[in-house]
Amino acid sequence: MWKFVTPQLPVRDPEASQRWYRDVLGLKPGFVRPGFAAVRDEAVELFFSRADGPAQPTLCAVRVDDADGLYAIYRERGVEIAEPIADRVWGVREFTLRDPDGHRFRLGHSTRQR
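Evaluation of the coordinates by the stated rule reveals nine salt bridges. With a closest N to O distance of 3.3 Å, R106 and E94 form a salt bridge. Of the two residues, R106 is situated in strand β8 (residues 104–110) and E94 in strand β7 (residues 92–98); the sequence distance between them amounts to 12 residues. For R106, a relative accessible area of 26% gives the class partly exposed. Residue E94 is classed as buried on the basis of its relative accessible area of 4%. In the salt-bridge network here, residues are joined through shared partners; they are E83, R88, E94 and R106.

Considering the arrangement of structural elements, one finds I73 in helix α2 (residues 67–76). Separated by 49 residues in the primary sequence, I73 and V24 place their C-alpha atoms 9.3 Å from one another.

Each value, and the rule that gives it
Residues numbered from 1 in each chain as written. Predicted model: local features only at pLDDT ≥ 70, side-chain atom pairs only at ≥ 80, totals over all residues. Heavy atoms only, no water. Salt bridge = Lys/Arg side-chain N within 4 Å of Asp/Glu carboxyl O. Helix = DSSP H or I, 4+ residues; strand = E, 2+ residues; numbered from the N terminus. Buried < 20%, exposed > 50% of the residue type's maximum accessible area, 1.4 Å probe, protein only.

Structure below.
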């Protein structure tokens, strides 16, 4: 059974990416190695590896407790919003942000009754 997924994103500058995810998105810094860095939170970990050339952006979906709260915080911090917050037909209230390397994250919470 799968327990945890750690995407590895190709980026221009792993340490700059780590700082952006820390300072702007609020994730905690992880390790730094030459050409490699990481950030983490309770149930999230992202690896950044230096890309030698143009890299295809990645799209990740992340479940959060309060998409509206994060949306407000990230808009205030100037995060690029690729898709505004909305209720989706698949039962999630979500928005999509884009990081400085073009990677996108759909952040949302369930709108279904439990």
